[in-house]
Amino acid sequence: MRLHLPLALAAFTLLAGCAATPPHPAIAPAAAATSANANDNLNAVVWTQTAIEHDLIYIQTFRDAQSRLLAALHDPQWDALTKEDRATPTAGLPPAVVLDIDETVLDNSPYQARLVKSGGQYDEASWAAWCKEERARAIPGALAFTRYAAEHGIAVIYLSNRAQDLDTATLANLRKLGFPVSGPEAFLGLGTVLPGCEQAGTEKGCRRQLVGRKYRVLMQFGDQLGDFVDVVANTEAGRKQAIAGYMDWVGTRWFVLPNPTYGSWEPALFNNDWSAPPAQRRQQKLDTLRYN
């Protein structure tokens, strides 16, 4: 929500010739924020697709990870799985890096752009159709990093919440772009089963345990907290608690990437209630804004 100046002051500002200067976001007129049924995701998607800062953040992150990778490889005690996910001792296990796919190695902003243009919302059918187009581009820096890992004998595992039945299209998209793909086992999608482990919703804990049975994980990459650790309570406090014991791992074992277009951070703002009317969800998000 934006703060609004009194109409008299706004009128004075315009008469003073300041209309040529874009208003500060904190004092933009109300009409600018509500006209033409503005899509709240527009700026996020445009930034993702056009801002050079977006690309630089990704390149910077993957370059930094690459500069640390061989040291992690040669440290037999190094592991990027939490104690909850590490059920098998690492001794003798081959090394691997674990990466989320969407907005971590593949750029799906065209799908988000289509939703902005149409005024639509995410649904599984349109998402699956986009995935099957196999047209997602590589995230800047991801290709160079994964190739570097593979060249040094480090397995590259893609742990994604894309449905497991999208494996063929997903692996084809990755291969088209030149990402190292060792085979179907490289993709662990939603629906992958680990006997004896009960998956909670879309959390990735069971699949991380599955990777941990076969590999010593050197690094993990993702754009969501759930890419690194299971989030028991998706609230502001619960999200902070989930990573409280692992802050020292950020930038060394865990590499977190930005995603302003979607994510579990959003429903945490409206009690995870997607059944609530859009206007109600939006108001609850507005209520979380800070003004000082």
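The shown structure was predicted, so the numbers you read here are calculated from the model rather than taken from an experiment. (Residues numbered from 1 in each chain as written. Predicted model: local features only at pLDDT ≥ 70, side-chain atom pairs only at ≥ 80, totals over all residues. Heavy atoms only, no water.)

Visitor: How do you make sense of the overall build of the protein when you look at a structure like this?
Guide: When its secondary structure is counted, the protein shows 11 helices and 7 strands. Relative to its full complement of 292 residues, the protein shows a buried share of 42%. In the protein, the share of contacts with a sequence separation of at least 24, taken over all contacts with a separation of at least 6, comes to 74%. Counting only carbon and sulfur atoms, one obtains 58% of the accessible surface of the protein, whose full area is about 15,900 Å². (Helix = DSSP H or I, 4+ residues; strand = E, 2+ residues; numbered from the N terminus. Buried < 20%, exposed > 50% of the residue type's maximum accessible area, 1.4 Å probe, protein only. Contact = heavy atoms within 4.5 Å. Areas by Shrake-Rupley, 256 points an atom, 1.4 Å probe, with all protein chains shown as cover.)

Visitor: Please explain the sheet that holds strand 4 (residues 155–163) as it appears in this structure.
Guide: Two orientations exist for strands paired in a sheet by backbone hydrogen bonds: parallel and antiparallel. Taken in spatial order, the 5 strands make up an open sheet running 5-4-1-6-7, and their pairing is parallel. Only two strands of the sheet have a single partner each, and these edge strands are strand 5 (187–190) and strand 7 (254–256). Neighbour-to-neighbour, the strand axes of this sheet turn through a mean angle of 20°, independent of strand direction. Along the sheet face, helix 9 (residues 205–214) touches strand 1 (95–99), strand 4, strand 5 and strand 6 (216–222) and points at about 160° away from the line of strand 4. (Pairing = 2+ DSSP bridges. Axes fitted to C-alpha atoms, helices over the stretch in contact; angles between N-to-C directions.)

Visitor: Help me understand the environment of Asn234 in this model?
Guide: Of note, Asn234 is situated in the loop between strand 6 and helix 10 (236–243). Among the residues examined, Asn234 registers a relative accessible area of 16% and is labelled buried. Here Asn234 is in contact with Arg239, Ser264, Pro267, Ala268 and Asn272, once residues within four sequence places are set aside. At 2.7 Å, the side chain of Asn234 forms a polar contact with the side chain of Asn272. (Polar contact = N/O pair within 3.5 Å; in protein donor to acceptor, adjacent residues only side chain to side chain.)

Visitor: Would you take a moment to explain the packing of aromatic side chains for this structure?
Guide: To describe a pair of aromatic rings, one takes the distance between the centres and the angle between the planes. Following the criterion strictly, the structure yields 12 aromatic pairs and no others. Between the aromatic rings of Phe145 and Phe221, the centroid separation amounts to 4.8 Å while the plane-to-plane angle is 55°, which identifies the pairing as tilted. One end of the pair, Phe145, is in helix 7 (residues 142–151); the other, Phe221, is in strand 6, with 76 residues separating them in the sequence. Of the two residues, Phe145 and Phe221, neither departs from the other in class, the shared state being buried. Pairing Phe270 with Trp274 gives two aromatic rings, centres 5.0 Å apart and planes at 80°, and the pair type is edge-to-face. By the ring-pair criterion, three or more aromatic residues cluster together here, those being Phe62, Phe145, Phe221 and Phe255. Between Arg253 and the ring centre of Trp78, over which it is positioned, the NZ or CZ distance is 3.8 Å. (Phe/Tyr/Trp six-rings, centres within 6.5 Å; stacked < 30°, edge-to-face > 60°. Lys NZ or Arg CZ within 6 Å of the ring centre and 35° of its normal.)

Visitor: Looking at this model, I keep getting lost on the environment of Thr170. Mind explaining?
Guide: Mapped onto the secondary structure, Thr170 falls in helix 8 (residues 167–177). Judged by relative accessible area, which is 0%, Thr170 ranks as buried. Expressed as a C-alpha distance, the spacing of Thr170 and Glu133, which sit 37 residues apart in the sequence, is 9.4 Å. Those residues within four positions of Thr170 in sequence are excluded, and the remaining contacts are Ile101, Arg162 and Phe187. Side-chain polar atoms of Thr170 contact the side chain of Arg162, separated by 3.0 Å.

Visitor: Can you walk me through a nonpolar patch on the surface in this structure?
Guide: Residues Met247, Val250 and Val256 make up a contiguous nonpolar surface patch of about 260 Å² in total accessible area. Position of Met247 among the secondary structure elements: in the loop between helix 10 and strand 7. (Patch = residues over 30% accessible without salt bridge, like charges linked within 9 Å, V, L, I, M, F, W, Y side chains within 5 Å. Salt bridge = Lys/Arg side-chain N within 4 Å of Asp/Glu carboxyl O.)

Visitor: Any chance you could explain the environment of Phe270 here in plain terms?
Guide: By the secondary structure assignment, Phe270 is in the loop between strand 7 and helix 11 (278–286). You can call Phe270 buried: its relative accessible area is 1%. Ignoring sequence-local partners within four residues, the contact set of Phe270 consists of Arg281, Gln284 and Lys285.

Visitor: Got a minute to help me understand the pairing of strand 5 in this structure?
Guide: In summary, the side chains of a regular strand alternate between the two faces of the sheet. Two elements, strand 4 and strand 5, share 3 bridges in a ladder whose sense is parallel. Across the sheet, residue Leu159 finds its bridge partner in strand 5, namely Leu188. For the segment spanning strand 4, helix 8 and strand 5, crossover handedness is right-handed. (Right-handed = clockwise from strand over helix to strand, strands pointing away.)

Visitor: What exactly am I supposed to notice about the confidence of the model for the protein here?
Guide: Reading fine detail from the predicted coordinates is not recommended where pLDDT is low. Taken as a whole, the protein shows an average pLDDT of 89; of its residues, 87% reach a score of 70 or greater. Counting interchain partners and residues more than four positions distant, the pLDDT-below-50 stretch residues 1–35 has 20 contacts. (pLDDT = per-residue confidence, 0-100.)

Visitor: What is the right way to look at the state of the cysteines in this model?
Guide: Each disulfide consists of one covalent bond between the sulfur atoms belonging to two cysteines. Within this structure, the stated rule accounts for 1 disulfide. Through a disulfide, Cys197 is tied to Cys206; the S-S separation comes to 2.1 Å. The sign of the -85° torsion about the S-S bond sets the Cys197-Cys206 disulfide as left-handed. (Disulfide = S-S within 2.5 Å.)

Visitor: Would you mind showing me how to read unusual backbone geometry here?
Guide: Trans peptide bonds make up the majority, and among non-glycine residues the majority have a negative phi. For Glu134, which is not glycine, the phi torsion reads 55° and is therefore positive. Inspection of the secondary structure assignment puts Glu134 in the loop between helix 6 (124–133) and strand 3 (137–138). For Asn272, which is not glycine, the phi dihedral falls at a positive 60°. Topologically, Asn272 is positioned in the loop between strand 7 and helix 11.

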